[in-house]
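Structural description and commentary
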Amino acid sequence: MTSFQNLVAGFFMIESLVFFIACLNGVEGGGWDYAHATFYGDIHGNETMQGACGYGDLFKQGYGLYTTALSTALFQDGLACGSCYQIVCHNSTWCLNGVPPIRVTATNFCPPNYTKTEGVWCNPPQKHFDLSLPMFLKIAVYRAGIVPVMYRKVQCYKQGGLKFEIKGNPYWTLVLVYNVGGSGQVIDVKIKGSNTDWIQMSRNWGQNWQTGVNLVGQSLSFQVTTSDNKMVQNNDVVPATWQFNQNFEGRYNF
């Protein structure tokens, strides 16, 4: 290699390093940690729909393919559902050079496999992201299968207000809270009927919250608190004529 070629190669190495550091610094501060990432499903993301967080059609709900499943160490038994992360491929020949970090929302669980001793990336205590295939291909080559990454939790940016899907029956109301901005991670939900005081809901699974109070025929309001202890109240989001399996959007978000 000539001196000129060495100079050019050195320039591109420095440029790539500067770009990588800029990506890690970002606009939201530090807090980076190490993990690994794989992918599941095909390029269309059909296998990423539904999942352990309780979300349904991720396209209709605004998440699209910008999603990930979390390992046990990150999932927190479903409390981490809705959290947003920046992820960048790190220190692997399979990484795509010069690409910015991806931003994804946690919508599913990557279950552990205790019957195997190798390739069990989602077993505790390992921190692992099982990305949708389109997201994986933004940071690494398909043939890699798995790559080391750096990640950090970041703010979620969602369009419109908080959204609520009401399921269940007159004696058991189950509410899926989604399209959550801010920290994205809901830790508390209260519901109020037009004829009741505020009622504490309990988390059933994922981001589904429940109450045994009969609220049929009442307009509904919600108080939603996220992991950064911020609370948003949406009054009379749901009209008194609501029915089960309907979706409603509040005026406010985080």
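Residues numbered from 1 in each chain as written. Predicted model: local features only at pLDDT ≥ 70, side-chain atom pairs only at ≥ 80, totals over all residues. Heavy atoms only, no water.

All right, on to the overall build of the protein chain then. Secondary structure assignment for the protein chain yields 3 helices and 15 strands. A total of 254 residues make up the protein chain; the buried ones form 47% of that total. Once local pairs closer than 6 in sequence are excluded, the contacts in the protein chain between residues at least 24 apart make up 70%. Accessible surface for the protein chain amounts to roughly 12,700 Å². Of this, 55% is attributable to carbon and sulfur atoms. (Helix = DSSP H or I, 4+ residues; strand = E, 2+ residues; numbered from the N terminus. Buried < 20%, exposed > 50% of the residue type's maximum accessible area, 1.4 Å probe, protein only. Contact = heavy atoms within 4.5 Å. Areas by Shrake-Rupley, 256 points an atom, 1.4 Å probe, with all protein chains shown as cover.)

Strand order in this closed barrel of 6 strands is 1-5-2-4-3-6, and the pairing throughout is mixed. For this sheet, the mean inter-axis angle between neighbouring strands, taken without regard to orientation, is 45 degrees. (Pairing = 2+ DSSP bridges. Axes fitted to C-alpha atoms, helices over the stretch in contact; angles between N-to-C directions.)

A cluster of nonpolar side chains, namely Ile43, Trp94, Leu96, Leu137, Val141 and Tyr142, defines an oily patch on the protein surface of about 480 Å² accessible area. Looking at the secondary structure, you find Ile43 in the loop between strand 1 (33–40) and strand 2 (67–70). (Patch = residues over 30% accessible without salt bridge, like charges linked within 9 Å, V, L, I, M, F, W, Y side chains within 5 Å. Salt bridge = Lys/Arg side-chain N within 4 Å of Asp/Glu carboxyl O.)

Residue Pro125 is bonded to the preceding Pro124 through a cis peptide linkage, with omega at 5 degrees. Examined against the element boundaries, Pro125 turns out to sit in the loop between strand 4 (102–109) and strand 5 (128–132). Despite not being glycine, Gln50 has its phi angle at roughly 60 degrees, a positive value. With respect to the secondary-structure elements, Gln50 resides in the loop between strand 1 and strand 2. Residue classification places Gln50 among the partly exposed positions, given a relative accessible area of 48%.

Residues with a pLDDT of 70 or more make up 88% of the protein chain, whose mean pLDDT is 90. With pLDDT under 50 throughout, residues 3–29 is counted as low confidence; its partners more than four residues away or in other chains account for 28 contacts. (pLDDT = per-residue confidence, 0-100.)

The next subject is the packing of aromatic side chains. As enumerated under the stated definition, the model contains 9 aromatic pairs in all. The structure contains a cluster of three or more aromatic residues connected by ring pairs, namely Phe39, Phe136 and Tyr142. (Phe/Tyr/Trp six-rings, centres within 6.5 Å; stacked < 30°, edge-to-face > 60°.)

Where strand 13 (residues 220–226) meets strand 14 (residues 231–238), 5 bridges bridge the pair, whose relative direction is antiparallel. Paired with Gln223 across the strands is Gln233, a residue of strand 14. Turn length for the strand 13-strand 14 hairpin, with the two strands adjacent in sequence and antiparallel, is 4 residues, and the turn residue Asn229 shows positive phi of about 65 degrees.

Attention now moves to the side chain of Thr48. Among the secondary structure elements, Thr48 is positioned in the loop between strand 1 and strand 2. Side-chain polar atoms of Thr48 contact the backbone oxygen of Gly45, separated by 2.6 Å. If sequence neighbours within four positions are ignored, Thr48 has contacts with Tyr40, Leu58, Leu65, Thr67 and Ser132. (Polar contact = N/O pair within 3.5 Å; in protein donor to acceptor, adjacent residues only side chain to side chain.)

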